[in-house]
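Remarks on the overall topology
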Amino acid sequence: MFSLPNNATIIEVGPRDGLQNEKNLIETNVKLNFIKCLQDAGIIEMELTSFVSPKWVPQMADAEKIVKNITKVGRQFVLAPNATGVERAMENGADAIAVFVGVSHTFNKKNINKNTDEAMDSLAPVVAKLKEQGKFVRACISTAFYCPYEGKIEVEDTISLCKVFASWGVDELSVADTIGMANPVESYTLFKRLKEELPNLLLTAHFHDTRKMALANIYAALQAGVDRFDTSAGGLGGCPFAKGATGNVATEDVVHMLESIGVHTGIDVEKVCEAAKIVEPLISGTIDSGQFRLFKQK
Ligand code: HMG
Ligand code: MG
């Protein structure tokens with residue numbers, strides 16, 4: 001048996017990844033309440049919103065209001081795809097920025113209207129400036145395992161992209177199974193390599209849960225030495241430009257699993273469930289609720 005870490009960090013992505021794909025526009029006050037309840041549950045790292053084009057993602061059009069009106073607790077990220085997004089974020093007092101790019105050219109074209117090389121060329125000066133200003137930079141690597149348009153992604157291609165971000169001095173890599181297709185062997189293999197090759201970076205695993213393998217993938221990532229996980233209360237989420245993407249792994253399920261195997265998260269699972277209830281009635285379509293709550297409701 002490998003040795004489990006004593007603690008793991010949950011990065012709650014519900015207010016951003018969880019809501020970005022929702023067609024019904026959710027009121028800013030509801031989102032602020034959702035964020036506050038998640039903070040009350042003990043979450044100290046969270047993606048709040050994204051400063052993307054409101055034409056592309058209308059749900060995130062209130063990013064300014066969100067950042068201005070939250071109480072800062074721990075590290076609070078906002079996503080930004082480009083210099084315009086970073087400028088908007090800075091004007092509103094954000095200090096931890098998540099940039100994002102996929103390994104796959106086709107996914108990037110659909111998500112940010114640039115292929116991978118073009119996206120990296122335009123992000124390089126943006127990240128350099130953020131680091132000069134002493135900001136915390138998280139780099140989110142989409143389609144690290146599979147792309148909905150190009151299929152399987154080679155491990156070496158994902159590692160190469162991660163290494164470019166590492167050479168730019170980013171603080172964290174969040175490596176994503178965008179469409180929830182990875183299996184535990186793939187999770188272990190990629191995260192083990194990343195831990196070996198980039199030992200000085202914070203490394204986070206971001207799993208969507210299409211095939212209900214996210215918990216197994218998290219366990220495999222733990223085995224590879226990862227102790228940071230992106231999760232979304234209620235299992236909400238998905239990228240609007242990744243065909244077939246479903247929700248993120250549910251925060252309550254991950255907290256429950258980790259706590260039950262002795263890995264402390266500092267998060268109150270019941271309070272996470274309460275937080276999820278704030279937004280769930282407003283979500284259109286099917287909600288892929290966390291199994292922890294389904295079990296409790298029986
Ligand atoms: P574009 O149309 O190519 O942009 O979109 P552009 O640079 O040509 O500019 C066109 C107009 O948009 C201009 O305005 C710009 O000012 C404006 P106009 O002159 O026409 O009035 N603009 C902006 N406005 C507000 N904020 C901005 C911004 N940038 C330009 N930041 C763009 C390119 C990147 C903007 C667009 O494609 C976009 O916003 N994409 C975002 C897509 C997105 O949010 N995807 C989901 C997040 S990623 C994800 O979920 C994956 C993740 O969870 C990990 C995983 O699971 O894989 C992180
Ligand atoms: Mg995602």
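Per an unreviewed UniProt entry, the protein goes by the name Hydroxymethylglutaryl-CoA lyase and belongs to Viridibacillus arvi. Note on the protein: under the UniProt heading Sequence similarities (unreviewed entry), the record states "Belongs to the HMG-CoA lyase family."

Regarding the side chain of Glu12
As for its placement among the helices and strands, Glu12 is situated in strand E1 (residues 9-12). Arg16 provides the closest opposite charge to the buried, salt-bridge-free Glu12, at an N-O distance of 9.8 Å. Polar side-chain contacts of Glu12 include one of 2.6 Å to the side chain of Thr251. Not counting chain neighbours up to four residues away, the residues in contact with Glu12 comprise Leu38, Ile43, Glu45, Met46, Glu47, Thr231, Ser232, Ala233 and Thr251.

What to know about the coordination of the magnesium ion (ligand 2)
Distances from the magnesium ion (ligand 2) to its protein donors, Asp17 (OD), His206 (NE2) and His208 (NE2), fall within 2.1 to 2.3 Å. Sequence positions of the residues that donate to the magnesium ion (ligand 2) give the spacing D-x188-H-x1-H. On the criterion of sequence distance, the pair formed by Asp17 in helix H1 (residues 14-20) and His206 in strand E9 (residues 202-207) is long-range, its members being 189 residues apart. A single burial state applies to Asp17 and to His206, both of which are buried.

Some points on the site of ligand 1
Around ligand 1, 27 residues are found, and the nearest of them are Gln20, Arg88, Asn111, Ser142 and Thr178. Side-chain polar atom of Asn82 to a nitrogen atom of ligand 1: 2.9 Å apart, as the coordinates give it. Between a nitrogen atom of ligand 1 and a side-chain N or O atom of Arg88, the distance comes to 2.8 Å. For the shell around ligand 1, the secondary structure elements donating two or more residues are H1, helix H4 (83-91), helix H5 (105-112) and strand E5 (136-142). Class assignment of the residues belonging to the shell around ligand 1 gives a composition of twelve nonpolar, eleven polar and four charged.

Reading the values: the criteria
Residues numbered from 1 in each chain as written. Chains lettered and ligands numbered in written order. Predicted model: local features only at pLDDT ≥ 70, side-chain atom pairs only at ≥ 80, totals over all residues. Heavy atoms only, no water. UniProt positions renumbered as here; feature names shortened; annotations may be inferred. Helix = DSSP H or I, 4+ residues; strand = E, 2+ residues; numbered from the N terminus. Buried < 20%, exposed > 50% of the residue type's maximum accessible area, 1.4 Å probe, protein only. Lys, Arg positive; Asp, Glu negative; His and termini not counted. Salt bridge = Lys/Arg side-chain N within 4 Å of Asp/Glu carboxyl O. Polar contact = N/O pair within 3.5 Å; in protein donor to acceptor, adjacent residues only side chain to side chain. Contact = heavy atoms within 4.5 Å. Donors = N, O, S within 2.8 Å, 3.2 Å for Na, K, Ca; no water. Near = heavy atom within 4 Å. Nonpolar A, V, L, I, M, F, W, Y, C, P; charged D, E, K, R; others polar.

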